[in-house]
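These are the residues of each chain, in order.
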Amino acid sequence: MDFNMKKLASDAGIFFTRAVQFTEEKFGQAEKTELDAHFENLLARADSTKNWTERILRQTEVLLQPNPSVRVEEFLYEKLDRKVPSRVTNGELLAQYMAEAASELGPTTPYGKTLIQVSEAEKRLGAAERDFIHAASISFLTPLRNFLEGDWKTISKERRLLQNRRLDLDACKARLKKAKAAEAKATLWNDEVDKAEQELRVAQTEFDRQAEVTRLLLEGISSTHVNHLRCLHEFVKSQATYYAQGYRHMLDLQKQLGSSQGTIFPGTFVGTTEPASPPLSSTSPTTAAATMPVVPTAAGLAPPGEAALCVEEVAPSASGTRKARVLYDYEAADSSELALLADELITVYSLPGMDPDWLIGERGNKKGKVPVTYLELLS
């Protein structure tokens, strides 16, 4: 009991000494041991890594699960070490509603058949989204969480210990300074100075040891960056696969709908649509159109118009030509495509077997492939 009381008193005394030293430093009344520039750079890089890892982690969670209530629920399940309940994705739910609507409105009607076709595509999109979320969680989110909840907590603990050792060291320096000043006035015996010097040597040794431990942990941030870089590549790979699958599913669906469009709406120019707004993309319409056909190639899919096309030898098909107004600027990706300027009029026509998302466009003596989504076909 006496030992515990003495330990508590000793701990309280150390805490009080550190508090006094810290306060005096803040008010400029005490000297402070400064870390070298390399150490300070390591600290700054570690703090930056932690802060940006937190922000990237949180925003990736929002990307994978936009619903904040669901995110909170999943967080609670994780903290309680319980399995998160399986949920249908938004695409799968939409597919379910469309299938039920088709069943009630008539699966043999044109509208019912189309609902069924779209619902099947949405179901496949939902499954692809589920696979992407699962892959991203394992390969990207989990390593980021492990860093914040493991390595960073260890670094933070050692940094607090270093701060305490530094305060003890500076407090010993202050005591030795006062002891020597008192000795000069002959108010203290030499043993008081010797005691202060001994305490300073011990404090300096403990500070140096703790500084080395903390420095090694901070230098390990470089390995953390390498690991996060690897995880980032995996995240991009899974996201590219997801978008490639989505593009393939929707391209197949568009072909299905295009093949039946002529029978449902006689006289429709097959394979074309007239969008009311630019293609949805975080980039400009020009960039999106120029790069989107390339994405499926990475997943083993053929980009639109993959067959070799010599535009100089192309001639209008028997079905004739039409005039079209260009909705948005488009930069040709290669020599087989025709660059477009918004609001200009061009002549377009389709070729047998040509991808329905593309047409042949002519402007004067220039011709080349043009994306349908950038055109408004005129009657």
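Procedures and definitions
- Residues numbered from 1 in each chain as written.
- Predicted model: local features only at pLDDT ≥ 70, side-chain atom pairs only at ≥ 80, totals over all residues.
- Heavy atoms only, no water.
- Helix = DSSP H or I, 4+ residues; strand = E, 2+ residues; numbered from the N terminus.
- Buried < 20%, exposed > 50% of the residue type's maximum accessible area, 1.4 Å probe, protein only.
- Contact = heavy atoms within 4.5 Å.
- Areas by Shrake-Rupley, 256 points an atom, 1.4 Å probe, with all protein chains shown as cover.
- Pairing = 2+ DSSP bridges.
- Core = buried A, V, L, I, M, F, W, Y, C linked by side-chain atoms within 4.5 Å.
- Phe/Tyr/Trp six-rings, centres within 6.5 Å; stacked < 30°, edge-to-face > 60°.
- Lys NZ or Arg CZ within 6 Å of the ring centre and 35° of its normal.
- Axes fitted to C-alpha atoms, helices over the stretch in contact; angles between N-to-C directions.
- Salt bridge = Lys/Arg side-chain N within 4 Å of Asp/Glu carboxyl O.
- Patch = residues over 30% accessible without salt bridge, like charges linked within 9 Å, V, L, I, M, F, W, Y side chains within 5 Å.

Participant: Help me understand the overall build of the protein in this model?
Facilitator: When you go through the protein residue by residue, the secondary structure sums to 9 helices and 5 strands. The secondary structure elements of the protein, listed N-terminal to C-terminal, are α-α-α-α-α-α-α-α-α-β-β-β-β-β. By the burial criterion, 33% of the 379 residues in the protein qualify as buried. Relative to all contacts within the protein whose residues are 6 or more apart in sequence, the contacts with residues 24 or more apart total 70%. When the accessible surface of the protein is summed, it comes to about 23500 Å², and 57% of that surface belongs to carbon and sulfur atoms.

Participant: Looking at this model, I keep getting lost on the pairing of strand β3 (residues 358–363). Mind explaining?
Facilitator: Two faces, one strand: in a regular strand the side chains alternate between the faces of the sheet. In the sheet, strand β2 (residues 345–349) pairs with β3 via 3 bridges, with the strands oriented antiparallel. Within β3, the position partnered with Y349 by the bridge is I360. For β3 and strand β4 (residues 366–371), the ladder comprises 6 bridges, and the chain directions are antiparallel. Residue pairing for β4: R363 is matched across the bridge by K366. Between the end of β3 and the start of β4, which pair antiparallel, lie 2 residues, with G364 showing a positive phi angle near 65°.

Participant: Would you mind showing me how to read the nonpolar core here?
Facilitator: The nonpolar side chains of a soluble globular protein tend to be buried, and buried together. If you look at the biggest cluster of nonpolar residues, it comprises 32 residues, and the most contacted ones within it are F39, F132, F140 and L218. Elements with a contribution of two residues or more to this core: α2 (37–64), α5 (110–184), α6 (190–219) and α7 (221–264). It is α5 that provides the largest number of residues to this core, a total of 15 residues. Once you skip the residues sitting within four places of it in the chain, F39 turns out to touch L162, A211, T214, R215 and L218. Residues L338, L351, V372 and L375 belong to the second largest nonpolar core, which totals 20 residues.

Participant: Even after reading the chapter, I still don't get the packing of aromatic side chains, so can you show me in this structure?
Facilitator: When we look at a pair of aromatic rings, we describe it by the centre distance and by the angle of the planes. In this structure the tally under the stated criterion is 7 aromatic pairs. An aromatic cluster is built from F132, F140, F235, Y242 and Y243, whose rings are joined through pairwise contacts. Between K369 and the ring centre of W358, over which it is positioned, the NZ or CZ distance is 5.4 Å.

Participant: Would you mind going over the sheet that holds β2 with me for this structure?
Facilitator: Strand pairs in the sheet, formed through backbone hydrogen bonds, run parallel or antiparallel to each other. The sheet built from 5 strands is open, its strands ordered β4-β3-β2-β1-β5 with antiparallel pairing. Each end of this open sheet is capped by a strand with a single partner; those strands are β4 and β5 (375–377). Taken over all neighbouring pairs, the strand axes of this sheet differ in orientation by 40° on average, direction set aside. Both strand β1 (residues 322–326) and β5 contribute to a ladder of 3 bridges, which runs antiparallel.

Participant: Looking at this structure, how should I read the pattern of salt bridges?
Facilitator: Opposite charge on two side chains permits pairing when their charged atoms draw close. What the rule picks out here adds up to 15 salt bridges. Where E344 meets R363, a salt bridge forms, and the shortest distance between an N and an O atom there is 2.8 Å. Of this pair, E344 sits in the loop between β1 and β2 while R363 sits in strand β3, placing them 19 residues apart in sequence. With relative accessibility at 16%, the residue E344 sits in the buried group. For R363, a relative accessible area of 28% translates into the label partly exposed.

Participant: What am I meant to see in unusual backbone geometry here?
Facilitator: Glycine aside, a negative phi is what most residues show, and trans is what most peptide bonds show. In this structure, D343 takes a positive phi of about 75° despite not being glycine. Tracing the chain through its elements places D343 in the loop between β1 and β2.

Participant: Looking at this model, I keep getting lost on the side chain of S238. Mind explaining?
Facilitator: One can find S238 in helix α7. For S238, a relative accessible area of 12% corresponds to the buried category.

Participant: Is there a simple way to think about a nonpolar patch on the surface in this case?
Facilitator: On the surface, a nonpolar cluster with roughly 280 Å² of combined accessible area is contributed by V72, F75 and L76. Within the fold, L76 resides in helix α3 (residues 68–79).

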